[in-house]
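The residues making up each chain are set out below.
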Protein chains: 2
Amino acid sequence: MNYKFSDKVTKLQASAIREILKFTSVPGVISFAAGNPAPEAFPTEKVAEISADLLANDPVLALQYNITEGYTPLRDFLKSWLKSKNCYNPDFDDVIVTSGGQQANELSCKVLLNEGDTLLCESPCFIGSLNAFRSYNVNLCGIEMEDDGINIEKLENAVKTQKNVRMLYVIPNFQNPTGRTMSLEKRKAVYDMACKYDFIILEDDPYGELRFAGENVPTIKSLDTEGRVIYSSTFSKILSSGFRTGFVSAPAEIIQKIVVCKQVSDVHSNIWAQVVAHRFMTTTNLDEHFSDLRAIYRKKCDLMCNYIDNAFSEKISYIRPQGGLFVWCTLPDNCNMNEFCTRAIKEYKIAIVPGNSFSIDENEISHSFRLNYSTPTNDDIIKGMEILSKMTKDILG
Amino acid sequence: MNYKFSDKVTKLQASAIREILKFTSVPGVISFAAGNPAPEAFPTEKVAEISADLLANDPVLALQYNITEGYTPLRDFLKSWLKSKNCYNPDFDDVIVTSGGQQANELSCKVLLNEGDTLLCESPCFIGSLNAFRSYNVNLCGIEMEDDGINIEKLENAVKTQKNVRMLYVIPNFQNPTGRTMSLEKRKAVYDMACKYDFIILEDDPYGELRFAGENVPTIKSLDTEGRVIYSSTFSKILSSGFRTGFVSAPAEIIQKIVVCKQVSDVHSNIWAQVVAHRFMTTTNLDEHFSDLRAIYRKKCDLMCNYIDNAFSEKISYIRPQGGLFVWCTLPDNCNMNEFCTRAIKEYKIAIVPGNSFSIDENEISHSFRLNYSTPTNDDIIKGMEILSKMTKDILG
């Protein structure tokens, strides 16, 4: 029969990266296209130990329904942990556990925007969030990214000219895909603008703990005195991505609506993972754990960036990230980026992601591509970057 | 500040049952208001054993990202298992793993309905699904339930008079809240009507394996030759509700859209639970396992219904369920149902759910209330039903 789908989803496509990832199962291909945490960063033994204890002594807790807001001891932990990072204000905030950061961002949009309302975001931007927003038929408007974050003038211009601007979505730390970090000045400017023009900021911070160089920059949430910042993060990069356990700290009124929406989405998030996350976070020396993770990602990033510095064609520019999982490389204007990425996978067997995959409008011309250093083994980074370096010189000289 | 929420969620309220469940933490209250599986029905030892093996030998599988469609071996198992039950047609169907049955129903609505389109459902109906549909601003239209399922004449009348009827949502087996089962004749009539008037049937079957009396009735999905039935079910009642692992069998084109929508909702469902579910289902004697579960629920249902038969006021009517978790009792017309339920909790400390909680329009007058026998212990069923029996006689004579 002939199926009629809702307007919300007819335009929605599986992400372009998924298509590229299909090539990565071809034997011999080295992939810099994914965004998975390094497998060696998972605390597998500790998880096994906590899980065994839980399933032996408290199995019904791990297998029975729980409340939508999240496992209460985990929420309590998150409140105090986020408070210590100035990301939870006990005067007006509340916390909910979500099914990954993805659900946090999706539900924030569902709760606050009508179809046709404007949601501003960085361009390029994380595709997973873009598609979540698209699935609610909102008007997406991308604002150019600079080296130190979103272009403030263009942001203000968009706020003034777009219809019903309700929300700005940003990843201030080690943004996906650019790896860039928003400066404190810009964070302040963005927050001031939200106050002036009365919109909500959705601050997505999945990589915040993965800073392996430079100085920490305060979150936008930490500047929030009016209750207009939704802070979302996840255990995906610091514990396990397969858990699908994320969290949101936001004004209680907003959390209340997110709870109602989450209840109808999935009732609650997998409870085994929530209990394991709680016990892990409260029985681990977190400073040591995060320091171990940073060492893993620092090494992988250095391995990759040293090739860009020393072996890539000099015509490729990039900014060395201070954390996170991604490097953003830009080709010279006269080089066709899509052709470059296609040759990388087809001739050189290296998977990289074309920059326009992260554009609001995929037909927009981009000269950049994204590299990921967290997923490949160190050996594959070396092997792949040697090939990619040679390719850049073959093509660009 | 003053928050403006989307039209979709402003009208959405936390379910009335949640409010009642708050009373159940008051000491001394016996609750027949929940809908949790019996804790003794969880195969806790086997889950612990499978999990230990998984986390010892394949920890990265359990902790890393996986694909949106679901863990491939679990999907393969589901296809052959559902095929054996005539709930998967290899000619046109596909299968996706979802975050519980709740997500299956929510995404089916998101994918197929625009705001304002009509979704028909049984009245009374499962609140969780009603609220999911409401959160997409669709036109909900409830059709009266009879002893053997939905009223077919009223259904056809609604199909003819409502605007853009796109979908019918039904729970044919041991419906929540009424515990009733749709007859084969009505299943056929409903399917024929869907073909005649070109709408989709969303068949929700969380309790199908929990038949402890009477004869099995073929699913509507098993009648589907045109590809217009979405069949959704879950591991919640046969393995673990805390897993949040459900599944959908539907025409491949619909599954494809659900995959894209699920990707933006939560990327994928908790993978530990998916692997454990797969290994449990493929290494357990399922006939024995389901037979154990049925024995547990048969006993609980009998315990409760024997009180209704022998000790309740004769003015209360009900139909003894042949499976599932719920009993639906109806008071005489001259008795105020809401007052009855309030007195039950306040004077008698028995929590029961007022029937109008399950109405499309909560202001509709209902004379029924829902009892649940799966969650309380057998001792509490006896204790609580003794009190409730006395109450019915005190009030109704």
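This write-up is about the structure you can find in this document. (Residues numbered from 1 in each chain as written. Chains lettered and ligands numbered in written order. Predicted model: local features only at pLDDT ≥ 70, side-chain atom pairs only at ≥ 80, totals over all residues. Heavy atoms only, no water.)

### Observations concerning the interface of chain B and chain A
A common way to express how large an interface is: the accessible area buried when the components associate. Heads up, the condition is: Contact criterion: two residues are considered in contact whenever any of their non-hydrogen atoms come within 4.5 Å of each other. Accessible area, probed at 1.4 Å, shrinks when two parts are joined; the buried area is that loss added up over both. By definition here, a salt bridge exists when the distance from a side-chain nitrogen of Lys or Arg to a carboxyl oxygen of Asp or Glu is within 4 Å. Pairs of N or O atoms within 3.5 Å make up the polar contacts considered here, provided that, within protein, one atom can donate a hydrogen while the other can accept it, and that residues adjacent in sequence are counted only when both atoms are side-chain atoms. Under the DSSP-based scheme used, a helix requires at least four consecutive residues in state H or I and a strand at least two consecutive residues in state E, with every element numbered from the N terminus.
Listed per partner, the contact involves 78 residues of chain B and 78 residues of chain A. For the pair chain B and chain A, the two sides together bury roughly 6500 Å², of which 57% comes from carbon and sulfur. When residues of chain B are sorted by the area they lose upon contact with chain A, Tyr3, Leu63 and Tyr65 of chain B head the list and together hold 12% of the total. Linking chain B with chain A are two salt bridges, by the criterion used here. Close ionic contact of Glu106 of chain A with Lys110 of chain B constitutes a salt bridge, the shortest N to O distance being 3.4 Å. Summed over the shared surface of chain B and chain A, the result is 51 residue pairs in polar contact (both at pLDDT 80 or more). Looking at the side of chain B that touches chain A, the elements with two or more residues in it are helix H1 (7-10), helix H3 (44-57), helix H4 (59-63), helix H6 (100-112), helix H7 (127-134), helix H10 (252-266) and helix H11 (271-283) of chain B. The leading source of residues in the side of chain B that touches chain A is H10 of chain B, at ten residues.

### Things to note about the relation of the copies chain B and chain A
Put simply, the test is: We superpose the copies by least squares over the C-alpha atoms of residues that have a pLDDT of at least 70 in both of them.
Superposing chain B onto chain A requires a rotation of 180° together with a translation of 0.0 Å along the rotation axis, leaving an RMSD of 0.0 Å. Such values leave the two copies arranged in the relation of a two-fold axis. Here 100% of the interface residues in chain B have copies in chain A that are interface residues too; the copies meet face to matching face.

### So, the side chain of Ser123 of chain B
Along the chain, Ser123 of chain B falls in strand S3 (residues 118-123). Apart from the residues within four sequence positions on either side, Ser123 of chain B is in contact with Gly142, Ile143, Glu144, Met145, Ser359, Ile360 and Glu364 of chain B.

### Comments concerning empty space enclosed by the protein
All names here are of chain A. Note the cut-off: Buried and open spaces are told apart on a 1 Å grid over the protein atoms alone, a cavity being a set of points where a 1.4 Å probe fits but cannot get out and a pocket being an open set with protein on both sides within 12 Å along at least five of seven lines. Residues with an atom within 4 Å of a point are the lining residues. Grid points are joined across faces, edges and corners, and a volume is the space filled by probe spheres set on the points. Think of it as three bins: nonpolar holds Ala, Val, Leu, Ile, Met, Phe, Trp, Tyr, Cys and Pro, charged holds Asp, Glu, Lys and Arg, and polar takes everything else, Gly as well.
Under the counting rule described, the total for this entry stands at four cavities of 30 Å³ or more. Within this model, the largest cavity holds a volume of roughly 80 Å³. Along its surface, the largest cavity is lined by 13 residues, and Trp81, Lys85, Asp205, Glu209 and Ser233 are the ones closest to its centre. Listed by contribution, the elements that provide at least two residues to the lining of the largest cavity are helix H5 (72-84) and strand S8 (229-234). A per-element tally of the lining of the largest cavity places S8 first, with three residues. When its residues are assigned to classes, the lining of the largest cavity shows seven nonpolar, three polar and three charged.

### Examining the sheet that holds strand S2 (residues 93-98) of chain B
Residues and elements named next belong to chain B. Under the convention used in this document: By definition, two strands form a pair when at least two bridges between them are found by DSSP. Every axis in this analysis is a line fitted to C-alpha atoms, fitted for helices over the stretch in contact. Angles between the N-to-C directions lie between 0 and 180 degrees.
Taken in spatial order, the eight strands line up as S2-S9-S8-S7-S6-S3-S4-S5 in an open sheet, and their pairing is mixed. Looking at the sheet topology across the chains shown, the edges are occupied by S2 and strand S5 (149-150). When strand S6 (residues 165-170) meets strand S7 (residues 200-204), the two strands line up parallel, connected through four bridges. Across the sheet, Met167 pairs through a bridge with Ile200, a residue of S7. On top of the sheet, H6 reaches S2, S3, S6, S7, strand S8 (229-234) and strand S9 (246-251); it is set at about 155° to S8, its chief contact.

### Some thoughts on the sheet that holds strand S11 (residues 326-330) of chain A
Residues and elements named next belong to chain A. Read across the sheet, four strands follow the order S10-S11-S14-S13 without closing on themselves; strand pairing throughout is antiparallel. Because the sheet does not close on itself, it has two edges, and the strands there are strand S10 (317-318) and strand S13 (353-354). Note that S11 and strand S14 (residues 368-372) share five bridges and pair antiparallel. Bridge pairing in S14 links Phe326 to Asn372. Strands in contact with helix H12 (residues 286-310) are S10, S11 and S14; relative to S11, the strand with the most contacts, it is inclined by about 15°.

### Section: H3 of chain B
Operational definition: What a helix is expected to span follows from its residue count: subtract one and scale by 1.5 Å. We call a residue buried when its accessible area falls under 20% of the maximum for its residue type, exposed when it is over 50%, and partly exposed in between, using a 1.4 Å probe and counting protein chains only. Arc, as used here, means the arc of the directions from the helix axis to the C-beta atoms.
Here H3 of chain B spans 20 Å end to end across 14 residues, near enough to the 20 Å set by a 1.5 Å rise per residue. All of the buried residues in H3 of chain B are Val47, Ile50, Ser51, Leu54 and Leu55 of chain B. Down the axis of H3 of chain B, the buried side of the element spans an arc of 125°, and every buried residue falls inside it. Opposite the packed face of H3 of chain B, turned more than 90 degrees from it, sit the exposed residues Glu45, Glu49, Ala56 and Asn57 of chain B. Close packing links the buried residues of H3 of chain B with helix H3 (44-57), helix H4 (59-63) and helix H11 (271-283) of chain A together with H4 and H11 of chain B.

### Considerations on the pattern of salt bridges
Tallying each qualifying case throughout the model produces 40 salt bridges over all chains. Residues Lys196 of chain A and Glu156 of chain A are paired through a salt bridge, measuring 3.5 Å at the closest nitrogen-oxygen approach. Of the two residues, Lys196 of chain A sits in helix H9 (residues 184-197) while Glu156 of chain A sits in helix H8 (residues 152-161), which places them 40 residues apart along the sequence. Salt-bridge contacts for Arg294 of chain B lead to Glu209 of chain B; the nearest nitrogen and oxygen are separated by 3.2 Å. Residue Arg294 of chain B is located in helix H12 (residues 286-310), and its partner Glu209 of chain B is located in the loop between S7 and S8; the two are separated by 85 residues in the primary sequence.

### So, the packing of helix H8 (residues 152-161) of chain B against helix H9 (residues 184-197) of chain B
Residue and element names in this part refer to chain B. Counted only if it meets this: Under this scheme an angle from 65 to 115 degrees is roughly perpendicular, one under 35 degrees roughly parallel, and one over 145 degrees roughly antiparallel; angles in between are oblique. Each crossing gets its handedness from the near helix: less than a right angle anticlockwise from the far helix is left-handed, clockwise is right-handed.
In the contact formed by H8 and H9, the axes pass within 11 Å of each other and the chain directions differ by 15°. In terms of axis orientation, H8 runs roughly parallel to H9. Two packed elements cross with a definite hand, and for H8 against H9 that hand is right-handed. On H9, the residues that touch Ile152, Leu155, Glu156, Val159 and Lys160 of H8 are Lys186, Ala189, Val190, Met193, Lys196 and Tyr197. Partitioned by chemical class, the residues of the contact of H8 with H9 number seven nonpolar, no polar and four charged.

### Observations regarding the nonpolar core
Keep this limit in mind: Nonpolar cores were defined as sets of buried Ala, Val, Leu, Ile, Met, Phe, Trp, Tyr and Cys residues, with membership established by side-chain atoms within 4.5 Å.
The biggest cluster of nonpolar side chains holds 215 residues, and the ones touching the most others in it are Trp272 and Leu371 of chain A together with Trp272 and Leu371 of chain B. Those residues in contact with Leu371 of chain B that lie beyond four places of it in its chain are Phe32, Met304, Ile308, Phe312, Leu325, Phe326, Val327, Cys329, Ile352, Met385 and Leu388 of chain B.

### Section: the packing of helix H6 (residues 100-112) of chain A against helix H10 (residues 252-266) of chain A
Residues and elements named next belong to chain A. Axis separation between H6 and H10 bottoms out at 9 Å; the angle between their running directions is 110°. As judged from the angle between their axes, H6 and H10 are roughly perpendicular. Pair H6 / H10 crosses with right-handed handedness. Contacts between H6 and H10 involve Gln103, Leu107, Ser108, Lys110, Val111 and Leu112 on the former and, on the latter, Ile254, Lys257, Ile258, Cys261, Lys262, Val264, Ser265 and Asp266. Considering only residue class, the contact of H6 with H10 consists of seven nonpolar, three polar and four charged.

### Thoughts on unusual backbone geometry
Residue and element names in this part refer to chain A. Residue Pro124 follows Ser123 across a cis peptide bond; omega there is 5°. Along the chain, Pro124 falls in the loop between strand S3 (118-123) and helix H7 (127-134). Although it is not a glycine, Val267 adopts a positive phi angle of roughly 65°. Along the chain, the position of Val267 falls in the loop between H10 and H11.

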